[in-house]
Each structure stands twice: as structure tokens, then as C-alpha cells.
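# Secondary and tertiary structure notes
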Amino acid sequence: MDSCFEPVIWPEDKLPKEAAAYKECEVCTEKARIIWGEGNPKAPVVIILDNPGAREDKDGHEYVCGTRQTLQTALHQADLAPDDIYITYLLKCRPLRRYNKEEARAFSKPFLIQQIKTIQPQLLVCLGDTVVQAMFDDQEAHVKNLRGSWHVILGYPCIVSYHPLAVRRRPNLARQFREDWDMLRQRLSGC
């Protein structure tokens, strides 16, 4: 493993014309940037997070937020190539104010489902309880109960794991987070 690894800013995928109606989501404001996804849009693995994190500092300089740092580090440690990964979001904008979470997620989910169907990945990864509950259509679904096993979402093999921010805040989750990425790598190698 390369001890000099540093996370980088992955190329962003912009809102496609056929999804222009997403701009009507209540989390979209004049200051909110729509991030359709990032990484390789033809990748065999689609990772789903709840929403994009901060992209720029207060002076407008782009940086890699803590969530993306933790995620990219885990991918690197599991020997998963950036070209094999595409990251997308349930909400395509970073919420900048209060919003009706249930309504915004219900509005956004069909866009995410269509995006996944368009990409047709080999494998899906749901990170965090918010995404797990939305994708499993079960408000009682939790990562701690579902991780470590393969599931099927929208007809695609899927694993779940902790949100990278949870791993940053609770380092005791790091071992399980790493195990989940190793499990993904093994399945991807066999595809």
C-alpha cells in the first residue's frame, strides 16, 4: 500500500438534460450546486451517499471534504481503483437550510433510481442509515444490522456500510468499514 496516498477531487457529473426537473427539489437553492455524481459514470460500482458535502472553502477554493477523504482512503486501502467507482447521492444538492427531509428524499429517490438504471452498475454500495432506509424502503433498516452481507436493490447486488462521516467521528467503526470494502473488492474481482 502506498503510504503517500492523498485524496483528490474527482470529476463531477453535471445534471443531465433529461433530469432538469430535479431543480425543483426544495434543497436546490440559488447557492446550492447540483452534483449529479462524481468519478467514472461508466464504473462497475455505484456508491450512494445521502448528499454532497462541502466543495469549497469560504474563499471559494475547492477542497476534498472529510467524507470524501475517508471514503477515498478506504477505497485505496482496499485496492479499489478510482476508475471502478462512481459516487452519487440521494439528494443531489448539499442542504444549506432547513428542509422537509421526508419530502425531499421522496422527491429525489426516483431520480436516483433512474440514474442507477441508466448506469447499470455491477454492484451498489449504500452508505449510512439515511440511504439504507430510503433504498430498502424501510425506516427501521440500519447499517449495523445489514452490513457484512449481500443484498439485492433494484436487481443489483448491494452491500451497506457506515457513512464515512460516522467512521471519522467513531474510529471504532473503521475496522468494519474496511471489512466492507474488502468484501466489495472480492466480489468485484469475481464479476
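Residues numbered from 1 in each chain as written. Predicted model: local features only at pLDDT ≥ 70, side-chain atom pairs only at ≥ 80, totals over all residues. Heavy atoms only, no water.

In the nomenclature of an unreviewed UniProt entry, the chain is known as Uracil-DNA glycosylase of Desulfitobacterium hafniense.

## Description of the sheet that holds strand β7 (residues 156-161)
For sheets, the rule is that strands pair by backbone hydrogen bonds, running either parallel or antiparallel. Using the following cut-off: The rule for pairing is simple: two strands pair if DSSP sees at least two bridges between them. By definition, any uninterrupted DSSP run of H or I lasting at least four residues is a helix, any uninterrupted run of E lasting at least two residues is a strand, and each is numbered from the N terminus.
Spatial ordering of the open sheet is given by β1-β2-β4-β3-β5-β7-β6, a layout of 7 strands whose pairing is mixed. Edge positions in the sheet fall to β1 (12-13) and β6 (151-153), since each of these pairs with one other strand and no more.

## With respect to the packing of helix α1 (residues 66-77) against helix α6 (residues 174-190)
As a reminder, the rule being used: Only the contacting stretch of a helix is used when fitting its axis, a line to C-alpha atoms as for every element, and angles between N-to-C directions run 0 to 180 degrees. The cut-offs work like this: below 35 degrees is roughly parallel, past 145 is roughly antiparallel, 65 to 115 is roughly perpendicular, and the gaps in between are oblique. Handedness of a crossing is defined here by the sense of rotation of the near helix relative to the far one, left-handed for an anticlockwise turn of less than a right angle and right-handed for a clockwise turn. By the convention used here, residues are in contact when the closest approach between their heavy atoms is within 4.5 Å. Three categories are distinguished: nonpolar for Ala, Val, Leu, Ile, Met, Phe, Trp, Tyr, Cys and Pro, charged for Asp, Glu, Lys and Arg, and polar for the others, with Gly belonging to the last.
Across the interface, α1 lies against α6 with an axial gap of 9 Å and an inter-helix angle of 55 degrees. As the angle between them shows, α1 and α6 are arranged oblique. In the packing of α1 onto α6, the handedness of the crossing is right-handed. Residue-level inspection shows T70, L71, A74, L75 and Q77 of α1 in contact with α6, the latter providing F177, R178 and W181. Of the residues that constitute the contact of α1 with α6, the class distribution is 5 nonpolar, 2 polar and 1 charged.

## Examining the layout of surface pockets
This is how it is decided: In this analysis the probe radius is 1.4 Å and the grid spacing 1 Å, with only protein atoms considered; a cavity is a set of points the probe fits into but cannot get out of, a pocket is an open set with protein on both sides within 12 Å along at least five of seven lines, and lining residues have an atom within 4 Å of a point. Grid points are joined across faces, edges and corners, and a volume is the space filled by probe spheres set on the points.
Its volume calculated, the largest pocket comes out at about 280 Å³. Along its surface, the largest pocket is lined by 13 residues, and P16, E18, W36, Q115 and T118 are the ones closest to its centre. Among the elements that line the lining of the largest pocket, the one with the most residues is helix α2 (residues 101-119), at 5 residues. Within the lining of the largest pocket, the residues separate by chemical class into 7 nonpolar, 3 polar and 3 charged.

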